[in-house]
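So you can see what is in the structure, the chains are spelled out below.
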2 protein chains.
Amino acid sequence: MNEKVKKQVYKPKAISGFPEWLPEFRSVEQRWMDHLRKVFESYGYCSIETPAVEELDVLTAKGEVDKEIYVLQRLHADPNDPNGSRGGDARLALHFDQTVPLARYVAQRFGDLAFPFKRYQMQKVWRGERPQLGRLREFYQCDIDVIGVDQLPLAFDAEMPAVMYEAMMGLNVGRVQIRISNRKILLGLVEALGIGDSVLVTRIVDKMEKIGRAAVADMLKNELKIATPAIDAILQLAGTKGDASALRNISSQNAQMQEGLEELTFVMNAVPQGSAIADLGIVRGLDYYTGTVYETALLDIPEFTGSVCSGGRYDDLAGNYINRHLPGVGISIGFTRLFDVLSHYGHIKPGPKTPTQVLVVLPSEERRTQAAQTASTLRKRGFNVELYHAPQNVKKQMEYANKKGIPFVWFPPFDDAGKHEIKNMTTGVQNAGDPATWTI
Amino acid sequence: MNEKVKKQVYKPKAISGFPEWLPEFRSVEQRWMDHLRKVFESYGYCSIETPAVEELDVLTAKGEVDKEIYVLQRLHADPNDPNGSRGGDARLALHFDQTVPLARYVAQRFGDLAFPFKRYQMQKVWRGERPQLGRLREFYQCDIDVIGVDQLPLAFDAEMPAVMYEAMMGLNVGRVQIRISNRKILLGLVEALGIGDSVLVTRIVDKMEKIGRAAVADMLKNELKIATPAIDAILQLAGTKGDASALRNISSQNAQMQEGLEELTFVMNAVPQGSAIADLGIVRGLDYYTGTVYETALLDIPEFTGSVCSGGRYDDLAGNYINRHLPGVGISIGFTRLFDVLSHYGHIKPGPKTPTQVLVVLPSEERRTQAAQTASTLRKRGFNVELYHAPQNVKKQMEYANKKGIPFVWFPPFDDAGKHEIKNMTTGVQNAGDPATWTI
């Protein structure tokens, strides 16, 4: 009866690129996510969540995707199920970002949403890339986007950095600098210079921080055959940094450049003081962006290279799925990447191992009901409370509180003449108290 | 420059079994999850999150899995990556529950955890099953479990229903009845009757609610060749329901049955009044459970058939991964299933479409700074606030508030002599107010 065959132990290996945390770090992750959510909601962004899974055809509707996509395949396919992903004929895949799912969601539910549609999304995404520190296969992204119909006011381009600055300032990551540009400025200049494909130019300029100014100049010269005066003009523009006043001295060469400068000036004047700088070297590699672009540096954490929070304005969110013109602007925190790198370098102080604030001691089996009542009273008053699970000696019960880092141990009456006492485990001080009125 | 090839629109289809919600239902889902988390933490359960992905060898270490597993395959495999899931040789898969990942987590991090380890986990799981109402391919489960080393006090078997009763009472699902039994009772009886494989008997008794008493009797007779007096004894036992006193009249036939009755009596005496009944018909099909077992019925929602919250005691959590004896007890809410069925039948009242509580009107471009200041002041005081995005006419701005269901519209001064006024969109009443002191 109920016979057990003793099985071989399979020792699980950590899977590279799929991080998970001990409870004391998970509690910090939760606190961070709660903070982000609170800030996003304080600006009126609503939450949506899409399935982890999309049709592969949806994910690739835009054309070739440069992210490695994970396709799903059922271990035991059911040949009678027309919806199943069968054999090699897989049709469902894990999303690799939250923008494609947002586009699909908005296209599919267009008639049910109120525009401008302001949403945040904090979900895991998956990319089958070769993992390394800061490059993961499963990670959270925290995105906010605003989608308009036919047009979307520039005010939202200024709201993105305002929200994200406030969001990041609550994460104990030191000084944060958001860098803003507008792609129309550089694209306009390149067009005015008459030196060919402006998208190729932006892709090279985008490498500035990685490879340096001289290397960028070389690439522009050797790969795109651009003449030195034009390269100088491009590099001078890309070197411009500062507040809105830094933009005043730039003479626009055509309407596009002018438009970009005006938009960026508007945005810089509207963002909160000290939260962001204009940096015309920011172009973002993605052709996807059509106006404002953002990147963010952590000034006090040199170990974190690259941008922790990026995004921009796009002309048309969901053109692959619906015949409506839906411009948008969005920005995204690479949440797990940030958390992973910071914890790797010891910048994240572990939080509590348990949410428990009070451990109620169980004096004896006979007094279980009374002790449980004490725990229940405290719980109803909003405290997180554990009743110790067995009437072991008090030293053992205190050890449990110590091991889990529970800050208060509550001694309910050990007999009918006894009183309630509470020990503060940090200070060691022990006082009398009443579960109906006690406060931390 | 930046040329766009006009692409064909790909109209996305809903993928059966992968639910998602409009913002007004997502906000309810969030409220539910917040409530569950709050209750779980109030009893000292810490959060953990494991990757969605496990090694396939980990998922199947126990032997054949009766759930349909989704295996991952990279769309473009990199033949140089030893970690990659290549070609048909996929090694990574999506978890189908949270118990196997918990076992793997505890085995792998055994030295870093404090025991008894109390954790909750609210994540999505995936099963490649044929979808239907209430049976989904991607869904949230909300689990609590306590894991001990070598032994685990019975007090935790009583805590499970206490926590879940409180958790479910906050979800507006009407009256909830948790049904508790102990597998040792029926297994003991079957052994005492000397009628063969007790596991096969429990599997048949488990069908009682679905197929009825007579059909169960037929199956016991025809399939297991059990004689009528033994069948009567089994069915009489399985028909026993009530509070702890209902157990007093059962005469135990052997030590196992006696132990089961004592354990169940302890649990029934310790659970909060009115939250649960003893029901010896509950056996749970899974051989996995070794003692206490739980199922939960929604008494006021007949459309929801089957158990909304189930679990039990298991002897050995992680024996497949570590050579330690780790008994545990756990219970799980089939969250998305519950939400899906209830919203399908109209039992879920949509929540707000937006978290915004106050829409601040933008009087004119000139007064943007002042209006933004008003929004910022209110936001700092804890309100969720949107500043309208463009200086359109007031009627248009109010329309936006109406469409999104924003409860208050704030009119900042339209000129230097003006005053702040706030309109309650529900009552239509408009009053003067100060952003530094106003309350809802």
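Rules and cut-offs
Residues numbered from 1 in each chain as written. Chains lettered and ligands numbered in written order. Predicted model: local features only at pLDDT ≥ 70, side-chain atom pairs only at ≥ 80, totals over all residues. Heavy atoms only, no water. Helix = DSSP H or I, 4+ residues; strand = E, 2+ residues; numbered from the N terminus. Buried < 20%, exposed > 50% of the residue type's maximum accessible area, 1.4 Å probe, protein only. Contact = heavy atoms within 4.5 Å. Salt bridge = Lys/Arg side-chain N within 4 Å of Asp/Glu carboxyl O. Polar contact = N/O pair within 3.5 Å; in protein donor to acceptor, adjacent residues only side chain to side chain. 1 Å grid on protein atoms, 1.4 Å probe; cavity = no way out; pocket = protein on both sides within 12 Å on 5 of 7 lines; lining within 4 Å. Points joined across faces, edges and corners; volume = space filled by probe spheres on them. Nonpolar A, V, L, I, M, F, W, Y, C, P; charged D, E, K, R; others polar.

Colleague: Can you break down the side chain of B:Thr374 residue by residue, with the values?
Modeller: All names here are of chain B. The residue Thr374 is located in helix 12 (residues 368-380) in this model. Residue Thr374 is classed as buried on the basis of its relative accessible area, which comes to 5%. Sequence-distant contacts of Thr374, that is, excluding residues within four places in its chain, are made with Val360, Trp410, Pro412, His420 and Pro435.

Colleague: Talk me through the pattern of salt bridges; I want residue IDs and the actual numbers.
Modeller: Scanning the entire structure with this criterion turns up 54 salt bridges over all chains. Between B:Arg109 and A:Glu20 there is a salt bridge; the shortest N-O distance is 2.9 Å. With B:Arg109 in the loop between helix 3 (99-108) and strand 5 (117-126) and A:Glu20 in the segment before helix 1 (23-42), this residue pair bridges two chains. Neither residue differs from the other here; B:Arg109 and A:Glu20 are each classed as buried. Notably, a salt bridge pairs A:Glu54 with A:Arg104, separated by 2.9 Å at the nearest N-O pair. Of this pair, A:Glu54 sits in strand 2 (residues 53-55) while A:Arg104 sits in helix 3 (residues 99-108); the two residues are 50 residues apart in sequence, bridging distant segments of the chain. Accessibility expressed as a relative area gives 2% for A:Glu54, which makes it buried. Where salt bridges share partners, they join A:Arg26, A:Glu29, A:Lys124, A:Glu138 and B:Glu49 into one cluster.

Colleague: Let's hear about helix 5 (residues 183-193) of chain B: which residues, and what values?
Modeller: Residue and element names in this part refer to chain B. Counting buried positions over the 11 residues of helix 5 gives 8, a clear majority of the element. Turning to helix 5, its buried residues are Arg183, Lys184, Ile185, Leu186, Leu187, Gly188, Leu189 and Val190. On its buried face, helix 5 is in contact with strand 7 (176-182), helix 6 (198-205), helix 9 (228-238), helix 10 (255-270) and strand 10 (289-298). Near the N-terminus of helix 5, the side chain that reaches the backbone nitrogen of Lys184, with its oxygen 2.9 Å away, is that of Asn182. One or two positions beyond helix 5, positive phi appears at Gly194, with a value near 65°.

Colleague: Tell me about empty space enclosed by the protein, and name the residues and values.
Modeller: This model, assessed by the stated rule, comprises 5 cavities of 30 Å³ or more. Counted as a void, the largest cavity has a volume near 750 Å³. Taken together, 33 residues form the lining of the largest cavity, with A:Glu49, A:Tyr140, B:Glu49, B:Met122 and B:Tyr140 sitting closest to its centre. For the lining of the largest cavity, the secondary structure elements donating two or more residues are helix 1 and strand 5 (117-126) of chain A together with helix 1 (23-42) and strand 5 of chain B. Considering every element that reaches the lining of the largest cavity, the biggest residue donor is strand 5 of chain B, with 6 residues. Among the residues making up the lining of the largest cavity, the classes are represented as 14 nonpolar, 9 polar and 10 charged.

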